[in-house]
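Summary of the model geometry
Here is what each chain is made of, one letter per residue.
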Amino acid sequence: MKMRKNIVAGNWKMNLTPAEGVALINEIATFNPAISGNNQVVFCAPFTHLSEVNKAVASWGNAKVLVGAQNCYYQPSGAYTGEISLDMLMACGVSAVIIGHSERRLYFAESNELLRLKVDAILAKQLMPIFCCGEPLEIRNANTQNEYVAAQLQESIFHLNAAEIIKVVIAYEPIWAIGTGVTASTQQAQDMHAFIRSLLADKYGADVANEITILYGGSCNAANAKELFSQADVDGGLIGGAALKAESFVAIINAMNG
Ligand code: PGA
């Protein structure tokens with residue numbers, strides 16, 4: 001039986017006001033989706049929303065529902081105008097942080113080397129890093145996506161030891177599928193997830209690899225989540241557009257239950 005966690009994480013990106021975010025969580029809670037056992041839900045909201053989101057999540061009262069941030073800086077404090085520290089995020093109730101989203105890599109020039117520093121800082125605070133990887137369309141068309149994703153993992157997280165890497169959640173997000181309505185086929189998703197797990201097994205052993213949660217992201221929605229999550233190596237999703245509406249997000253949460 002699969003012991004690792006299943007996670008559905010909503011990535012709101014730069015959407016919603018704080019009040020809209022709170023209203024969305026409250027609406028989702030009224031559906032009372034079953035979130036228990038190995039399943040977790042994370043709301044990754046903009047920084048300005050986190051305190052209010054944390055209150056809304058606390059009033060939901062399900063310990064499996066967590067608050068996440070979409071980014072962080074790795075330095076503890078100092079002259080880094082516009083950046084945010086992990087202590088600041090923790091003071092807002094954050095327990096997970098997305099890093100390396102393709103939009104951060106593309107628009108804000110985040111490198112594998114920077115992400116390596118971020119993952120270390122997040123783990124040092126005992127928070128959950130949600131580490132994103134995934135290839136652009138030209139790499140998929142050239143059929144070199146495995147090498148591309150392997151390099152992302154090797155350069156940003158494979159310096160970790162087994163006790164550390166087991167705490168990392170990996171999100172595979174093919175860039176050509178993000179926000180495009182073009183989802184990877186279940187086979188494409190499963191193939192890449194199995195490949196990522198095989199890399200983890202080669203380096204850390206099968207027992208460690210089997211403990212690591214690997215999420216799929218990229219136009220995952222209410223209609224396709226169940227089939228994607230039914231794949232052996234797909235342990236949930238990182239959800240953008242479909243996380244902004246209560247009904248679709250609830251359907252995706254419920255898809256974790258099979
Ligand atoms: P999408 O975004 O679900 O809107 O494709 C996913 C993501 O970027 O995390």
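Quick summary incoming for the structure in this document. These figures come from a predicted structure and were not determined experimentally. (Residues numbered from 1 in each chain as written. Predicted model: local features only at pLDDT ≥ 70, side-chain atom pairs only at ≥ 80, totals over all residues. Heavy atoms only, no water.)

1. Structural notes on the pattern of salt bridges
This is how it is decided: The salt bridge definition used is simple: a Lys or Arg side-chain nitrogen within 4 Å of an Asp or Glu carboxyl oxygen. The numbering of helices and of strands both runs from the N terminus, where a helix is a DSSP run of H or I of at least 4 residues and a strand a run of E of at least 2. Buried, partly exposed and exposed residues are distinguished by accessible area as a fraction of the type maximum, computed with a 1.4 Å probe on protein chains only: under 20%, between the cut-offs, and over 50%, respectively.
Throughout the structure, instances matching the rule amount to 10 salt bridges. Salt-bridge contacts for Arg4 lead to Asp235; the nearest nitrogen and oxygen are separated by 2.8 Å. Of this pair, Arg4 sits in the segment before strand E1 (6–11) while Asp235 sits in the loop between helix H11 (225–229) and strand E8 (236–239), and the two are 231 residues apart along the sequence. Accessibility expressed as a relative area gives 0% for Asp235, which makes it buried. In this structure, Arg197 and Asp233 form a salt bridge, with 2.5 Å as the shortest nitrogen-oxygen distance. On the criterion of sequence distance, the pair formed by Arg197 in helix H9 (residues 186–204) and Asp233 in the loop between H11 and E8 is long-range, its members being 36 residues apart. An identical accessibility class is assigned to Arg197 and Asp233; each is buried. Look at the salt bridges and you will find they share partners, linking Arg4, Arg197, Asp233 and Asp235 into a network.

2. Some thoughts on the packing of helix H5 (residues 112–124) against helix H7 (residues 145–156)
Basically, it comes down to this: Axis angles are defined between N-to-C directions and span 0 to 180 degrees, where every axis is a line fitted to C-alpha atoms and, for a helix, only to the segment in contact. Each angle receives one of four descriptions, namely roughly parallel if under 35 degrees, roughly antiparallel if over 145, roughly perpendicular if within 65 to 115, and oblique otherwise. Left-handed describes a crossing whose near helix is turned anticlockwise from the far helix by less than a right angle; the clockwise case is right-handed. Contact between two residues is taken to exist if any of their heavy atoms lie within 4.5 Å; hydrogens are not considered. Amino acids are sorted into nonpolar (Ala, Val, Leu, Ile, Met, Phe, Trp, Tyr, Cys and Pro), charged (Asp, Glu, Lys and Arg) and polar (every other residue, Gly among them).
Closest axis-to-axis distance for the H5/H7 pair is 8 Å, and the angle between their directions is 50°. Taken together, the axis directions place H5 and H7 in an arrangement best described as oblique. The two elements H5 and H7 meet at a crossing, and its hand is right-handed. From H5, Asn112, Leu115, Arg116 and Val119 reach across to H7, where they touch Ala151, Gln152, Glu155 and Ser156. Its residues placed into classes, the contact of H5 with H7 shows three nonpolar, three polar and two charged.

3. Quick word on the site of the ligand
Short version of the rule: By convention in these notes, a residue is near a molecule or strand provided one of its non-hydrogen atoms lies within 4 Å of it. Any pair of nitrogen or oxygen atoms within 3.5 Å is treated as a polar contact; in protein, a donor-acceptor pairing is required on top of that, and neighbouring residues in sequence qualify only through side-chain atoms on both sides. Accessible surface is estimated by sampling points in the Shrake-Rupley manner with a 1.4 Å probe; for residues, cover comes only from the protein chains shown.
With respect to spatial proximity, 13 residues lie near the ligand, and among them Lys13, His101, Glu173, Gly179 and Ser219 are the closest. Residue His101 places a side-chain N or O atom 2.7 Å away from an oxygen atom belonging to the ligand. Gly240 is positioned with one of its backbone polar atoms (N or O) 2.9 Å from an oxygen atom of the ligand. Considering the ligand on its own, with 280 Å² of exposed area, one finds that the protein chains cover 95% of that surface.

4. As for the pairing of strand E6 (residues 169–172)
Put simply, the rule is: One requirement defines pairing of two strands: DSSP has to find at least two bridges between them.
Of the two faces of E6, the one holding Val169 and Ala171 and the one holding Ile170 and Tyr172 are both buried throughout. Both strand E5 (residues 128–133) and E6 contribute to a ladder of four bridges, which runs parallel. Bridge assignment links Cys132 to a residue of E6, and that residue is Ala171. As judged from the three bridges shared by E6 and strand E7 (residues 214–217), these two strands associate in the parallel manner. Within E7, the position partnered with Ala171 by the bridge is Leu215.

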